Amino acid sequence: ENGSAAAIPIDPRFDIAYVTPVTIGTPPQTLYLDFDTGSSDLWVFSSHTPESQVRGQRIYSPEKSSTAKLLAGHTWSILYGDGSGSLGNVYTDNFTVGGVTVTSQAVQTAQQVSYSFTSQSEIHGLVGLGFSTLNTVFPNGQLTFFDNAKSTLDSPVFTADLKWKKEGTYDFGFIDETKYTGEITYLPVQTDPGYWTFTSSGYAVGDGAFHPASIVGIADTGTSLTYLPAEVVTSYWGQVDGAVDSDYYGGYVFPCSSKLPSFTFGVGPANITIPASYINYAQITEGSPVCFGGLQSSSWLGVNIWGDVALKAAFVVFNGANPPTIGWAKK
Ligand SMILES: CC[C@H](C)[C@H](NC(=O)[C@H](C)NC(=O)[C@@H](CCSC)NC[C@@H](N)Cc1ccccc1)C(=O)O
């Protein structure tokens, strides 16, 4: 049974994250979750989350679901690259997104969430779409929604069609030809340690020359910006009047009035161009003449991340066949 669900930007001003409606349990409880190819835990705000840590989020209450079962003796605890995190216990229950149902999906209920999650009322939890090896449930790791659903899908794939300041879609089980132009270029994926890791073939700044390079990075729908090697982002921001790498603001900022070039990255023999508008990410604060860049250095991260700023410029196929591959197409 295939499916399709909306990817809705949580903020109308800039694309911090995208949430997707899901239903959990019997009778169904609807939550809006952040589908995240950069992790592999499905966790939700719940009736087990202290009230002091819940600020407007919808919660999942397993005690109100006739199909919920506690996974006795199991706990989880996850830490993310931005320093946020959460932890708790585990139930299995019916989980449906876009018409695709998994009847005994591990649903990780939060007993603690860090402040950055508490402060983001539109995100009611995450659905990890990385490889199940990254799942943090102890003592027995749990399968992701995609791994559980795969066998019931026409094809073991899901696709991401994220959009700039607009609603996009996640499709499960099929590739919608109307969502892209030209051909899809498939690249090999390194599944260790569990991200969708692929190698980009280089980059170009604006209409400048293409620089062949091997840029190993992860495709992460749960990360807002794109983080690339210092020499890449330095050559990009070197083309922007007044751009500086600011310790104060924690990254490259530039005068909002400056003209930005586009950024092109190689995917095998093909390439994807990120429009300049996507890289003019946001004003530092409402009305500020200082803007924060959507392309930032990965040197402090230790890994290159192709986050939403890059992903929304493409139609991306996450192919869970054996071996897995990742497909890129213009749109
Ligand atoms: C510091 C922790 C490191 C990064 C590592 N954790 C990870 O890699 C986790 C699974 N993934 C993440 O921290 C990042 C990828 C980091 S690159 C290694 N993806 C998921 C993140 N965007 C989810 C999120 C969504 C909204 C708000 C905040 C966070 C670990 O546990 O070792």
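These remarks concern the structure in this document.

**Quick notes on the pattern of salt bridges**
Thought 1: For the coordinates displayed, the defined rule picks out eight salt bridges.
Thought 2: Linking Lys179 and Asp176 is a salt bridge whose minimum nitrogen-to-oxygen distance equals 3.8 Å. The pair formed by Lys179 and Asp176 is uniform in burial state, with each residue classed as buried.
Thought 3: The network of salt bridges with shared partners includes Asp11, Arg13 and Glu286.

**A closer look at the packing of aromatic side chains**
Thought 1: Evaluated as defined, the whole model comprises 28 aromatic pairs.
Thought 2: On the numbers, 6.0 Å between centres and 25 degrees between planes, the contact of Trp43 with Trp76 is stacked. A residue pair is termed long-range when its members are at least 10 positions apart, and Trp43 in strand E4 (residues 42-44) and Trp76 in strand E5 (residues 69-79) qualify at 33 residues. With respect to class, Trp43 is no different from Trp76; both count as buried.

**Section: the sheet that holds strand E20 (residues 290-293)**
Thought 1: Taken in spatial order, the four strands make up an open sheet running E15-E16-E20-E19, and their pairing is antiparallel. Edge positions in the sheet fall to strand E15 (244-246) and strand E19 (280-283), since each of these pairs with one other strand and no more. Sheet twist, expressed as the average angle between the axes of neighbouring strands with direction ignored, equals 45 degrees.

Conventions adopted
- Residues numbered from 1 in each chain as written.
- Predicted model: local features only at pLDDT ≥ 70, side-chain atom pairs only at ≥ 80, totals over all residues.
- Heavy atoms only, no water.
- Salt bridge = Lys/Arg side-chain N within 4 Å of Asp/Glu carboxyl O.
- Buried < 20%, exposed > 50% of the residue type's maximum accessible area, 1.4 Å probe, protein only.
- Phe/Tyr/Trp six-rings, centres within 6.5 Å; stacked < 30°, edge-to-face > 60°.
- Helix = DSSP H or I, 4+ residues; strand = E, 2+ residues; numbered from the N terminus.
- Pairing = 2+ DSSP bridges.
- Axes fitted to C-alpha atoms, helices over the stretch in contact; angles between N-to-C directions.

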